[in-house]
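Observations on chain architecture
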Amino acid sequence: MLKINNLHVNVANNDIIKGLTLSIKPGEVHAIMGPTGAGKSTLGYALTGRDGYQVTQGSATLNGTDLLDLEVEDRAAAGLFLAFQYPVEIPGVSNMEFLKVSVDSQRKARGQEALSSSVFLKRAKAACKQVNLPLAFLKRGVNEGFSGGEKKRNEIMQMILLEPILSILDESDSGLDIDALKIVAEGINGQRDGQRSFIVITHYQRLLDYIKPDFVHVLADGKIIKSGGPELALELEAQGYAWLESYDRNAQEANA
Amino acid sequence: MSNWLAETIRQAEKIDDWLSPKRAQSLSLLKSTAWPTRQTEAWKYTPINVIERAVFKSANDPQIPTEQNSCSQIPNLQAIELIFFDGIFDRNASTQQLPDGLTISSLSEGADLSWALSSFNQTKPKHHFFGLINDTLATQGCIIDVAEDQCIQQPIHIAQSFSLGSQSHTRILVRVGKRAKVTVIEQLQGDQLSFNTSFAEYQIADHAYLEHYRLAMQCEQAISVGGCHFHLSTTSQLNSNLIGFGSQLSRIDMDIIHTGEQSNAKANVIYLLDGKEVFDLHSAIEHTVPNGVSEQNIRCIVADRANAIFNGRIHIHRNAQKILAAMNNRNLLLSDNAQINTKPELEIYADDVRCAHSATIAEIDDEAMFYLQSRGISRGDAQVLLSFGFINELVDQMNNAAIAQWLRPILRQRFAKMGLR
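Quick caveat: nothing in here was measured; it's all calculated off a predicted structure. (Residues numbered from 1 in each chain as written. Chains lettered and ligands numbered in written order. Predicted model: local features only at pLDDT ≥ 70, side-chain atom pairs only at ≥ 80, totals over all residues.)

Description of the overall build of chain A
The criterion, for reference: Numbering goes from the N terminus for both helices and strands, where a helix is a DSSP run of H or I of at least four residues and a strand is a run of E of at least two. Using C-alpha atoms as the atom set, the radius of gyration is obtained and then compared with a globule rule of 2.2 Å times the number of residues to the power 0.38. Exposure classes come from backbone-placed C-beta atoms, where a residue is buried if 20 or more other C-beta atoms lie within 10 Å of its own, exposed if 12 or fewer do, and partly exposed in between. We call two residues in contact whenever the C-beta atoms placed from their backbones are within 7 Å.
What chain A contains, in helices and strands, is 7 helices and 12 strands. Taking 2.2 N^0.38 as the reference for a compact globule, 256 residues should give roughly 18 Å; the C-alpha atoms of chain A span a radius of gyration of 18 Å, in line with that estimate. Along the first, second and third principal axes, the C-alpha set of chain A runs to 65 × 40 × 35 Å. The buried share among the 256 residues of chain A stands at 44%. Pairs at least 24 residues apart make up 71% of the contacts formed inside chain A by residues separated by at least 6 positions.

The structure is reproduced here in structure tokens:
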């Protein structure tokens, strides 16, 4: 489904991602872990096409479509979704309107008919309940005055409504208490249907107790330096990223 | 002296009514005032030469009202209607039955109201050039008196529309009695090239509350100069909302004068300009006594080659301690050729006050833009949503739901049009 090959990303004249290769099949959940500054968020931004995240080399395709060639909104319509680490507050634009325009835009881009207001309202309410946000949040400005946890749940609500085929969750667990973490994890697990895939970016093993990944990758200095099953996350948790650095050094010495 | 001004003075000299003593003072001032130019600070960015260039019918020349030139209806407003066509009060089209405690008189019918005579020019600055013109020429308008302790449930809607080539001058005098409560909506609509001056003076007595709207939504060609001037007494409250659309020239002067302690004034201003439209807001807030609160939010979006001007002054007098004053001017530029001139001025002579001002000019926030696009929303649609949100924040704060509901689709349409260029 998603194929990333030898991706290099430059941000403000710094090479952040330096040859990343990753392949994700339908229905798979991949966790990407790694220390701060490894390039985890950059990967999400580069794939979704944020300004200033320049791909200098390599390719990324989603179901055969060259993502890097598309406008930001067209990548979304192709089925890509990024749950932001820091969701943006937009006062004056109601959450409901934002969600409706998002869903309508994507449906239009895919040649589908727009949902009627009543059908949409029903779905929005269901999604809102699913992430345990009061319905009043649909009427409030987008993320306006939401707590950290509410913002993260609002991201999951958008994901539920937009039904993307590949979701990138950028530290959707950070700043959450255990109850909010469970709600976020349940929101994601509810979307797993054997077809839709996920990249879960996280610092901590904690989230992976609730979302069982198929693969765990360790990203350090812009490259995936180790991949494995869920047990790799446990190992990281136990030994910390310092262990990684020695691993990395050993690997480099071995290569030399 | 310009021909236009000479003709204006000739006309003014012919007027003889109950306001004549006041008019005479203004007329003599007008005769000694020079036509403002770009060198005149208060009119620096205001292209008033368009008034001289255009040809208008003589002032307050009655027109036959047609369907096209009446103001757009505001659904569900359920207001007390005061209708003006080309500056002439239409008594038949206006509401006849008034609730208890409310008296409305036509200015032209020469009401013998000593309070109205003494409040004429009480809050409006004396030397405003077009204010002087309005003083001398405005024979039409209305006088609204809300008796003490009266809470008028229905809003009072003063709807003025202007037809092609018309010239009109109207004056509104309002007195809100002690502990009274009322909403006044001034709607001005010129769908074609027309010229109007409309000045309104409000006296808000102790403990009284005024909710005010000025909807100056004109077409691209209209020319409108006017003012809203508020006099606040002890513990009185003002909540004012001003919406400005276009016009080849629209100038509004807003004065808020706090003369009693614990008075509270809030003014939200929205203007949206496209094409070559010019909108100029000059506001002055005077805190002459301690313990007052004032808050102003001015939001403006300019597209194409439009020009937005804001000059905001807060003046805190000596001994006017414990004042809380905030002035916030935010502008959004949608085009390289659009222009914004903003000038906040604070003049503070008391030493224990909290006074904040900010003025920003920005393009659309990149982060918010990316957020919307990442959800599949096109750049154009996102721009409309974000611009609308920037303004809608202030619409959300309006107490009158009918006006807010009526405004939202109008603003949305306007953005969609502005975004296309």
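What about the nonpolar core?
What counts here: We define a nonpolar core as a collection of buried residues of the types Ala, Val, Leu, Ile, Met, Phe, Trp, Tyr and Cys that are connected via C-beta atoms lying within 7 Å of each other.
Formed by 184 residues in total, the largest nonpolar core has its most connected members in Val302 and Ala308 of chain B. Core analysis: the second largest hydrophobic core is formed by 9 residues, Leu30, Phe130, Leu132 and Ile133 of chain B among them.

Digging into the interface of chain B and chain A
Short version of the rule: Here the nonpolar group is Ala, Val, Leu, Ile, Met, Phe, Trp, Tyr, Cys and Pro; Asp, Glu, Lys and Arg are the charged ones; every other residue, Gly included, is treated as polar.
At the junction of the two partners, chain B supplies 20 residues and chain A supplies 21 residues. Contributing elements (two or more residues each) for the side of chain B that touches chain A: helix H6 (366-373) and helix H7 (379-395) of chain B. Looking at which element gives the most residues to the side of chain B that touches chain A, the answer is H7 of chain B, with 8 residues. For the side of chain B that touches chain A, the residue count by class is 8 nonpolar, 6 polar and 6 charged.

Re the sheet that holds strand E12 (residues 223-228) of chain A
Residue and element names in this part refer to chain A. Convention followed: Between any two strands, pairing holds if DSSP finds at least two bridges. Axis definition: a line fitted to C-alpha atoms, over the contacting stretch in the case of helices. Angles run 0 to 180 degrees between N-to-C directions.
Taken in spatial order, the 6 strands make up an open sheet running E6-E9-E10-E3-E11-E12, and their pairing is mixed. Of all strands in the sheet, those with a lone pairing partner are strand E6 (80-83) and E12, marking the two edges. Taken over all neighbouring pairs, the strand axes of this sheet differ in orientation by 20° on average, direction set aside. Here strand E3 (residues 29-33) pairs with strand E11 (residues 215-220) via 4 bridges, running parallel. Paired with Ile32 across the bridge in E11 is His217. Contacts from helix H5 (residues 148-162) reach E6 and strand E9 (166-170), with the element oriented near 165° to E6.

So, the sheet that holds strand E17 (residues 324-333) of chain B
All names here are of chain B. The strand order across the open sheet formed by 10 strands is E2-E1-E5-E7-E9-E11-E13-E15-E17-E19, and the pairing between neighbours is mixed. What marks the edges here is a single partner per strand, and that holds for strand E2 (88-89) and strand E19 (354-362). As judged from the 9 bridges shared by strand E11 (residues 237-245) and strand E13 (residues 264-273), these two strands associate in the parallel manner. In the strand pairing of E13, Ser240 is matched with Ala267.

A few points about H7 of chain B
Residue and element names in this part refer to chain B. Our working definition: An expected span of 1.5 Å times one less than the residue number is assigned to each helix. Fitting axes to the seven residues ending at a residue and to the seven starting there, one defines the bend at that residue as the angle between these axes.
A rise of 1.5 Å per residue sets the reference length of H7, with its 17 residues, at 24 Å; its end C-alpha atoms lie 24 Å apart and thus fit the reference within 8%. A maximum bend of about 30° is found in H7 at Gly389. In terms of burial, H7 is a largely internal element, 12 of the 17 residues being buried. Listed as buried for H7 are Ala382, Gln383, Val384, Leu385, Leu386, Ser387, Phe388, Gly389, Phe390, Ile391, Asn392 and Glu393.

So, the packing of H6 of chain B against H7 of chain B
All names here are of chain B. Worth spelling out the cut-off: What sets the label is the angle itself: under 35 degrees gives roughly parallel, over 145 gives roughly antiparallel, 65 to 115 gives roughly perpendicular, and the rest give oblique. Each crossing gets its handedness from the near helix: less than a right angle anticlockwise from the far helix is left-handed, clockwise is right-handed.
Direction vectors running N to C along H6 and H7 enclose 125°, while the axes themselves pass 9 Å from each other. Between H6 and H7, the angle falls in the class oblique. Relative to H7, H6 is oriented so that their crossing is right-handed. Of the residues in H7, those touching H6 at Ala368, Met369, Leu372 and Gln373 are Arg379, Ala382, Leu385 and Leu386.

Describing the pairing of E11 of chain A
All names here are of chain A. Counting buried positions along E11 yields 5 of 6 residues, so the element is predominantly enclosed. Direction of pairing for E11 relative to E12: antiparallel, over a ladder of 5 bridges. Paired with Ala220 across the two strands is Lys223, which belongs to E12. What sits between E11 and E12 in their antiparallel hairpin is a turn of 2 residues, with Asp221 showing a positive phi close to 50°.

What about unusual backbone geometry?
Not every positive phi belongs to a glycine, and Asp221 of chain A is a case in point at roughly 50°. Mapping Asp221 of chain A onto the fold places it in the loop between E11 and E12. One non-glycine residue, His207 of chain B, lies in positive phi territory at about 65°. Along the chain, His207 of chain B turns up in the loop between strand E8 (195-204) and strand E9 (209-217). Overall, the presence of 21 C-beta atoms within 10 Å leaves His207 of chain B in the buried class.

These values are about where atoms sit, not about what they do.
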